[in-house]
Every structure is written in structure tokens, then in C-alpha cells.
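Fold and geometry: a report
Single-letter residue listing:
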Protein chains: 2
Amino acid sequence: MNVIDESGILAIATRLQRLSEQLRKDGTLIYKAHGLDFEPKWFPVIYTLHLRPVLSVVEIANEIGYTHPSTISLLKELEKEKLIRSKRDKADERKRLIQLTAKGQELIGRMQPVWEIIIATLTEVTNTQNNLMLAIGEVEEQMKQLSFFERAKRIGQTD
Amino acid sequence: MNVIDESGILAIATRLQRLSEQLRKDGTLIYKAHGLDFEPKWFPVIYTLHLRPVLSVVEIANEIGYTHPSTISLLKELEKEKLIRSKRDKADERKRLIQLTAKGQELIGRMQPVWEIIIATLTEVTNTQNNLMLAIGEVEEQMKQLSFFERAKRIGQTD
DNA sequence: TGAATATATGTAGTTAACTACGTATACTTG
DNA sequence: CAAGTATACGTAGTTAACTACATATATTCA
């Protein structure tokens, strides 16, 4: 066991990130193994448009929890891949409305079975004594109630 | 609730990363609030050298679980901050031995109480029904037994 | 109704990790 | 013991997110 794993909770951010990166790398391999040219980072945008077919840039950004510049750069890649297209909103000229192309919808169809496999695998790997999915949700909820910084401030005062 | 949180386990990598980033941001604020000029990303290196006072570049990289180029760039920053120093290993001229400076050790002394607060806060926020710290450890262990990709391959075949 | 404010999108530059590759020293082995 | 291999460190370039700033359009309210 190394120093960081031993340092426990102090290095939690590092470990979360490491885990995320590992899952993403393996995700890329899984798509590739099924002959799909798809990057895991595209998932949030594609899945969002799958559920809500026409959205503006900022609406997508809010749904996926990214900033709008990050979203714009993902959208650029997806547009280059011809998986999405966009047009100005006639009712509000500031907005650009994004939607899946036929190619994008067709790709989703082919990804569905792979998603099933990924879901089953993630379920297997996270279904331990303390369920990671649930744990994340619970921590997110905690921090929505009162941010980490605010909690530290409070604890620091009463210490 | 947004689409990504609803998509459940498929967007787990995104959520892990988001959480990690949030904790890191708040970490920066906490150090600053205690008058400390310290970035959370430095923690793994500094803490490793605190426990094991003299290490080479690659030894540190292995301890903190980063690649050596990432480690080198952290070490450069820390050297500029005069928190660490380094010298050639006389027994093996390829190696550079890294250690804390007096300033680095003194900073650790001042960080200790802040670390206590961070630990208490993280404990509070992660000590929900499913403990995030334990969950991460359990998932890491699972994936050490058999990688995520290998598991997906197996599940994909028997599906 | 026009001035101030808010919203939507876009661009530029930063950050913190990575991979790929190169060089120097050390080790191993035919 | 020299040639090949392994190890340690370093550099260059990439990636995928970010913040800060800029511009265009829409909304609000004095």
C-alpha cells in the first residue's frame, strides 16, 4: 500500500480523479472493442440530446453540469463527427438549437447494447458493501445542503 | 434533477470528476482562509515526503500514483516555492533525491491543524449511509482483481 | 422608450493531468 | 567485457476541463 492510499481521506480528491480517469480509459476500450468510434466524454451531451431532442448550448451545459465553453468545445467535436447539427432559434436570435443528426441517432441505436454491458459491469464493480453510486449521490446531497468550504469554516470555528 | 444525474451509473466518471474538482476548489479556499499559500494538488508530494523524507522522482511518482512527468512538474513548482530541494544520488548518478526544505517542514507544521479540519469536514460529509471513502477503496480493490475492461469483455461474451 | 441589466454564445488563455519520445547511467549476459 | 536491455529523468506536445473576457441579442424599468 502506498502513502496516498494510506493518507486516507485527505487524498480523496486525487483518488476520485484517478478512478474517474481509469473508468474513462476502459470506456474508450470497450466502445472500440465493439467497433464503435465513440469517446466517453461525449456521452453526457449525446445522452442528454437523446432524452431531450432540441436544446440550446447553455441548456445542454446545465444538464451535463459543465461550463458553456467546455460544452461548446464538445459540440464542435460532435459537429465535426456529424453526430449533431444546430440552427439559430428564430424566436431568440442569441440561441443556437442543437439536435442529433440521423447518423447520431443511428449511432445511439448501436450503442444501446454496449451501454447495457457497461451498466452491468459498473453495477458489478460498484456493488460492494458501500455502494459507490449511492455514496456519490449522498455526498453531492450533503454538499448541496452546505458546501464543503462552509462546513470547514464552521468546524474550524468550533474546533 | 438533471439528465446526467438521472442517467445513473453511465455518467459515473463525469460525476466522480466533478466531485473531485469541487473538493479541490474548496480545499484551496480552506488553505487560503487559514492564511496558507498551498495548493491541494501539492498535497500528495508533500505528504509523501513528510512520511518518507528522502525519495527519488520515480519513487515519489509511484507513491502518489502519478506518472513521472506529472510528478516532475509538481516538483518544479514546489522547488520554485522553496518547499523542497534535490541533489544527485552519489550511489546512482541517474537519480535525483528529493527532500523537504526547512520552509517545507515549517509549512507542514502550520498545515497540520488545517488538515485536522479538512479531515473532520470530509468525515462529516462522506459519512453517509454508503461511505464514499470505503466505497472507493472497495471499487479500487475490485478493479485490481480484474480490470473494468476485462469485466466488460466477460459480461459482453456471456450476454 | 432608451439606458441599464441580463442572457446566450463565442474566443483566448490556463491548468493539471497525460502519452510519446529522447538521453544518460546502470545492470546483465553471451 | 562489450552489446543489449532496463531504469531514471527530462522535454515536447496533447487533452479536457476550467476562468476571464468579448459581443450580440433580449428584457426590464425609470
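What counts, and at which threshold
Residues numbered from 1 in each chain as written. Chains lettered and ligands numbered in written order. Predicted model: local features only at pLDDT ≥ 70, side-chain atom pairs only at ≥ 80, totals over all residues. Heavy atoms only, no water. Phe/Tyr/Trp six-rings, centres within 6.5 Å; stacked < 30°, edge-to-face > 60°. Buried < 20%, exposed > 50% of the residue type's maximum accessible area, 1.4 Å probe, protein only. Near = heavy atom within 4 Å. Polar contact = N/O pair within 3.5 Å; in protein donor to acceptor, adjacent residues only side chain to side chain. Helix = DSSP H or I, 4+ residues; strand = E, 2+ residues; numbered from the N terminus. Nonpolar A, V, L, I, M, F, W, Y, C, P; charged D, E, K, R; others polar.

This part covers the packing of aromatic side chains. The tally for this structure, following the rule as stated, stands at 10 aromatic pairs over all chains. Measuring from ring centre to ring centre gives 5.1 Å for A:Y31 and A:F38, while their planes differ by 70°; the resulting arrangement is edge-to-face. Under the relative-accessibility criterion, A:Y31 is labelled buried at 3%. Accessibility expressed as a relative area gives 2% for A:F38, which makes it buried. Here the aromatic rings of B:Y47 and B:W115 are separated by 5.8 Å at their centres, their planes lie at 75°, and the arrangement is edge-to-face.

Taken together, 24 residues surround DNA strand D, and among them A:K41, A:T67, A:S70, B:V58 and B:R96 come closest. Considering DNA strand D, the proportion of its atoms within 4 Å of the protein that are sugar or phosphate atoms stands at 71%. Within the side chain of A:K41, a nitrogen or oxygen atom sits 2.4 Å from a phosphate oxygen of DNA strand D. It is helix α5 (residues 68–80) of chain B that provides the largest number of residues to the surface near DNA strand D, a total of 4 residues. For the surface near DNA strand D, the class distribution of residues is 7 nonpolar, 5 polar and 12 charged.

Remember that the coordinates give geometry; whether it matters functionally is a separate question.
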